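Okay, here's what each chain looks like letter by letter:
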Amino acid sequence: MRIALLGGTGDIGEGLALRWAYDTDHEVLIGSRDPEKARAKAEEYETELDSRGLERDVKGFDNEMAADRADVVVLAVPAYHIGDVVEGVADVIDEDTVLVSPAVGMSRDDDGMHYNPPSIGSVTELVQRRAPDDVPVVGAFHNLAADRLANLDVEFDLDTLAVGDDEDARDLVANLGAEIEGLRVLDAGPAANAAEAESVTPLVINIAMNNADMHDVGVRYL
Ligand SMILES: NC(=O)c1ccc[n+]([C@@H]2O[C@H](COP(=O)([O-])OP(=O)(O)OC[C@H]3O[C@@H](n4cnc5c(N)ncnc54)[C@H](OP(=O)(O)O)[C@@H]3O)[C@@H](O)[C@H]2O)c1
């Protein structure tokens, strides 16, 4: 499968790119608003993988070209810009492309982080609204700490959730996530449940901020 990470130059994009390139044979494409930046980052990821004895081809493109080439498109961009990014690639995605949103709207005050969803209810539903009607949308990977993903020395034993209205697309994303060693992706149901799934992220960040030695808190559902 070909996985494009739009905004794959950033933190969560780097983590997912490295893990998929390291743990699977899927082709990983890095997208950016700036194709030069995407190519430079892709090379950086190749160097990191090479230093671990893994020769992998990671390619960089502008976001639209990356999306055009991919079966799965992960929107690894800030929640407040995600709608525009979706519209920027709308012409090159169709019913055979699965769109994945790991994005969470959050605000911060003196007490901590707070879930701050768009008025439609969740970022997943916002992406669904802005994407072409036939493109399946899945919200997933929200609660994974980018630092932990990007450090290939760190072993995983973590859960994350997948939400979305298309069951086949949810399954596909869950299986793709589960190919990352130590990661389990649990089905949390349709997009109407996305707010609950997304709101786990500010919760784990608040736990990390308030408990010593709990940087990069993860979740395991038993
Ligand atoms: N960081 C985490 O631990 C984590 C974990 C789970 C989920 N998430 C979610 O994943 C998303 C990305 O998080 P992140 O921490 O990786 O963010 P980030 O590093 O701040 O940004 C990711 C990328 O987004 C692109 N970008 C920035 N501003 C943009 C704009 N105005 N329009 C279009 N693209 C823009 C940039 O790529 P280019 O400049 O190359 O275009 C940037 O490298 C967020 O929605 C966040 O909620 C983050």
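Residues numbered from 1 in each chain as written. Predicted model: local features only at pLDDT ≥ 70, side-chain atom pairs only at ≥ 80, totals over all residues. Heavy atoms only, no water.

The name recorded for the protein chain in an unreviewed UniProt entry is NADPH-dependent F420 reductase, from Halarchaeum rubridurum.

(A) Local environment of the packing of helix α1 (residues 11–23) against helix α2 (residues 35–50). Direction vectors running N to C along α1 and α2 enclose 45 degrees, while the axes themselves pass 11 Å from each other. Accordingly, the angle class assigned to the pair α1 and α2 is oblique. Between α1 and α2 lies a crossing whose hand is right-handed. Contacts from E14, A17, L18, A21 and Y22 of α1 reach α2 at Y45, E48 and L49. Looking at side-chain class alone, the contact of α1 with α2 contains six nonpolar, no polar and two charged residues. (Axes fitted to C-alpha atoms, helices over the stretch in contact; angles between N-to-C directions. Helix = DSSP H or I, 4+ residues; strand = E, 2+ residues; numbered from the N terminus. Parallel < 35°, antiparallel > 145°, perpendicular 65-115°, else oblique. Left-handed = near helix turned anticlockwise from the far one by under 90°. Contact = heavy atoms within 4.5 Å. Nonpolar A, V, L, I, M, F, W, Y, C, P; charged D, E, K, R; others polar.)

(B) Quick look at the site of the ligand. For the ligand, the set of nearby residues contains 22 residues, the closest of which are T9, S32, K37, V77 and L144. Within the backbone of I12, a nitrogen or oxygen atom sits 2.9 Å from an oxygen atom of the ligand. In the complex, the protein chains occlude 77% of the 890 Å² of accessible area that the ligand would expose alone. The site holding the ligand turns out to be the largest pocket. (Near = heavy atom within 4 Å. Polar contact = N/O pair within 3.5 Å; in protein donor to acceptor, adjacent residues only side chain to side chain. Areas by Shrake-Rupley, 256 points an atom, 1.4 Å probe, with all protein chains shown as cover. 1 Å grid on protein atoms, 1.4 Å probe; cavity = no way out; pocket = protein on both sides within 12 Å on 5 of 7 lines; lining within 4 Å. Sits in = over half its atoms within 2 Å of the grid points.)

(C) Structural detail: the sheet that holds strand β5 (residues 98–101). The mixed open sheet is built from eight strands, whose spatial order is β3-β2-β1-β4-β5-β8-β9-β10. Taken across any chain shown, the strands that pair with only one partner, and hence form the sheet edges, are β3 (58–62) and β10 (183–187). Going from strand to strand, the sheet's axes swing by 25 degrees on average, the running direction of each strand aside. Here strand β2 (residues 27–32) pairs with β3 via five bridges, running parallel. Following the sheet pairing, S32 is matched in β3 by D62. Set on the sheet, α1 makes contact with β1 (2–6), β2 and β4 (72–75); between it and β1 the angle comes to about 165 degrees. Set on the sheet, helix α7 (residues 167–178) makes contact with β1, β4, β5, β8 (137–140), β9 (158–163) and β10; between it and β10 the angle comes to about 165 degrees. (Pairing = 2+ DSSP bridges.)

(D) Expanded view of α2. Between its first and last C-alpha atoms α2 spans 22 Å; for 16 residues at 1.5 Å apiece the expected length is 22 Å, and the two agree. A38, K41, A42, Y45 and L49 are the residues of α2 that are buried. For α2, the angular spread of the buried residues around the axis is 105 degrees, confining them to a single face. In α2, the exposed positions that point more than 90 degrees away from the buried face belong to E43 and T47. If you check the start of α2, you find a side-chain oxygen 2.9 Å away from the backbone N of E36, and it comes from D34. (Expected span 1.5 Å × (residues − 1). Buried < 20%, exposed > 50% of the residue type's maximum accessible area, 1.4 Å probe, protein only. Arc of directions from axis to C-beta.)

(E) A look at the pattern of salt bridges. Under the criterion given, the structure shown has twelve salt bridges. Among the ionic pairs, E36 bridges to R39, the shortest N-O distance being 3.0 Å. Highlighted residues: E36 and R39, both in helix α2, separated by three residues, approximately one helical turn. In this structure R39 comes out as partly exposed when scored by relative accessible area, which is 39%. Through salt bridges that share partners, D157, D159, R184 and R220 make up one connected network. (Salt bridge = Lys/Arg side-chain N within 4 Å of Asp/Glu carboxyl O.)

(F) Region of interest: the layout of surface pockets. Estimates place the volume of the largest pocket at around 740 Å³. Looking at the lining of the largest pocket, the elements that each hand over two or more residues are α1, α6 (146–150) and α9 (200–210). If one sorts the elements of the lining of the largest pocket by residue count, α9 sits on top with five residues. Classifying every residue of the lining of the largest pocket gives 19 nonpolar, seven polar and three charged. Considering only enclosed or pocket space, the second largest pocket measures out at about 230 Å³ in volume. Looking at the second largest pocket, it is lined by 13 residues, and the ones nearest its centre are G7, T9, R33, V77 and P78. (Points joined across faces, edges and corners; volume = space filled by probe spheres on them.)

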